[in-house]
Amino acid sequence: MKEKIEIYDSGEKLAESVAKIIQQKTIEKQKRNEQLFIALSGGNTPKILFELLANQYKKTINWNSIRFYWVDERCVPPNDDESNFGVVKSLLFNNIEIYGSRIERMQGENEPHEEAFRYMEILSSQLPSKNSVPSFDLILLGMGDDGHTASIFPNQPHLLNSDKLCEVSEHPISGQKRITLTTKTINNAAEIIFLVTGEKKAQIIKEILKQEDNYLEYPSAHIQPTWGELTWMLDKEAAQFL
Ligand code: 6PG
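About the thresholds
- Residues numbered from 1 in each chain as written.
- Predicted model: local features only at pLDDT ≥ 70, side-chain atom pairs only at ≥ 80, totals over all residues.
- Heavy atoms only, no water.
- Helix = DSSP H or I, 4+ residues; strand = E, 2+ residues; numbered from the N terminus.
- Buried < 20%, exposed > 50% of the residue type's maximum accessible area, 1.4 Å probe, protein only.
- Contact = heavy atoms within 4.5 Å.
- Pairing = 2+ DSSP bridges.
- Expected span 1.5 Å × (residues − 1).
- Axes fitted to C-alpha atoms, helices over the stretch in contact; angles between N-to-C directions.
- Parallel < 35°, antiparallel > 145°, perpendicular 65-115°, else oblique.
- Left-handed = near helix turned anticlockwise from the far one by under 90°.
- Nonpolar A, V, L, I, M, F, W, Y, C, P; charged D, E, K, R; others polar.
- Salt bridge = Lys/Arg side-chain N within 4 Å of Asp/Glu carboxyl O.

The next point concerns the environment of Val196. With respect to the secondary-structure elements, Val196 resides in strand β10 (residues 191-196). According to the relative accessible area criterion, Val196 is buried, its value standing at 0%. Separated by 51 residues in sequence, Val196 and Asp145 have C-alpha atoms that sit 10.0 Å apart. Contacts of Val196, omitting those with residues within four sequence positions, involve Leu14, Met143, Lys201, Ile205, Trp232, Met233, Leu234, Asp235 and Ala238.

Below, the structure is given as structure tokens:
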């Protein structure tokens, strides 16, 4: 599987490209009277996209043709500043017309293991499956400065090898509990897009994309779709060593 690499002048240009992809996918799905199953990541990078969607695609995307899920969530209440759902609610959902039923957040306020189990049940019952595993149409991922993605951090091999759809993880520095999709679920998507910006990530991007050194120490290097497509969307700073 050869991933695609796209390099953009800025985070804004990168976000515009992703927004167009989402719009185009919803149009294709609507033609077949189907819904688009998307999983969102947290962090700062996708905020540009959420704002762009709310401002420039408010009326040009049929939002109720999309089903929103999360790649990961911090184990905090939805109104906590740390909540990945909370960020999307404030930047996007509060500014568009969308039914609550189209939004299936990970409930960070629940007991973590119970929530991981509940979310697995949701994915199994709501998503179409491929090779007997729930399959997202599109997953948007970020990459941390340590090469983590979702809430799969370095030195957490049980999350890379898990046979479960979701797991409970722990941030290595803060100890914050997280709910995360596993690579099993992520890699079964039809399309995976990494959104990575900033020079701080340039060295790891180089090591992963050139498969240099111990690149497999980075969880992001384990995102290898089993049947779908992977695109790394980078800004110039993050791509400077390629
Ligand atoms: C989270 C995210 C996480 C994020 C990376 C990149 O819950 O924090 O899901 O995996 O994508 O940490 O974050 P930035 O976009 O802020 O660099």
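Quick look at the pairing of strand β11 (residues 229-235) now. The buried fraction of β11 amounts to 6 of the 7 residues, a majority that puts the element mostly inside the structure. When strand β1 (residues 4-8) meets β11, the two strands line up parallel, connected through 5 bridges. Looking at β11, one finds that Ile7 is bridged to Leu234. As paired strands, β10 and β11 are joined by 6 bridges and run parallel to one another.

A few words now on the environment of Leu181. With respect to the helices and strands, the residue Leu181 is situated in strand β9 (residues 177-181). A relative accessible area of 0% places Leu181 in the buried class. Beyond its immediate sequence surroundings of up to four residues, Leu181 is in contact with Ala39, Trp70, Val71, Met106, Leu123, Phe136, Ala150, Ile152, Leu165, Cys166 and Ile186.

This brings us to helix α2 (residues 45-56). Side chains that are three or four residues apart share a direction in an α-helix, a result of its 3.6 residues per turn. Compared with an ideal rise of 1.5 Å per residue, which puts 12 residues at 16 Å, α2 spans 18 Å between its outermost C-alpha atoms and is within 8% of the ideal. Close packing links the buried residues of α2 with α1 (11-31), β2 (36-40), α3 (84-91), β7 (138-141) and β10.

The next subject is the sheet that holds β10. Ordered by their spatial adjacency, 6 strands build an open sheet running β1-β11-β10-β7-β2-β3, and the pairing between neighbours is parallel. The sheet is open, and its two borders are formed by β1 and β3 (66-70), each paired with just one other strand. If you compare each strand with its neighbour and ignore which way they point, the axes differ by 20° on average. As paired elements, β2 and β7 share 2 bridges and run parallel to each other. For Ile38, the partnering residue across the bridge sits in β7 and is Leu138.

Another point: the packing of α1 against α2. Across the interface, α1 lies against α2 with an axial gap of 9 Å and an inter-helix angle of 55°. The angle between the axes of α1 and α2 places the two elements in the oblique class. At the point where α1 passes α2, the crossing takes the right-handed sense. Contacts between α1 and α2 pair Gly11, Glu12, Ala15, Glu16, Val18, Ala19 and Ile22 from the former with Ile48, Leu49, Leu52 and Leu53 from the latter. Residues of the contact of α1 with α2, tallied by class, amount to 8 nonpolar, 1 polar and 2 charged.

Further remarks concern the pattern of salt bridges. Following the criterion strictly, the structure yields 11 salt bridges and no others. Measuring nitrogen to oxygen at the nearest pair gives 2.7 Å for the salt bridge that ties Lys25 to Glu191. Taken together, the residues span a long stretch of sequence, with Lys25 in helix α1 and Glu191 in strand β10 at a distance of 166 residues. In this structure Lys25 comes out as buried when scored by relative accessible area, which is 16%. Among the salt bridges present, the one from Arg118 reaches Glu115, with a minimum N-O distance of 2.7 Å. Remark: Glu115 and Arg118 occur in helix α4 (residues 112-126); sequence separation between them is 3 residues, near one turn of the helix. On the basis of relative accessibility, which here comes to 24%, the residue Arg118 falls in the partly exposed class.

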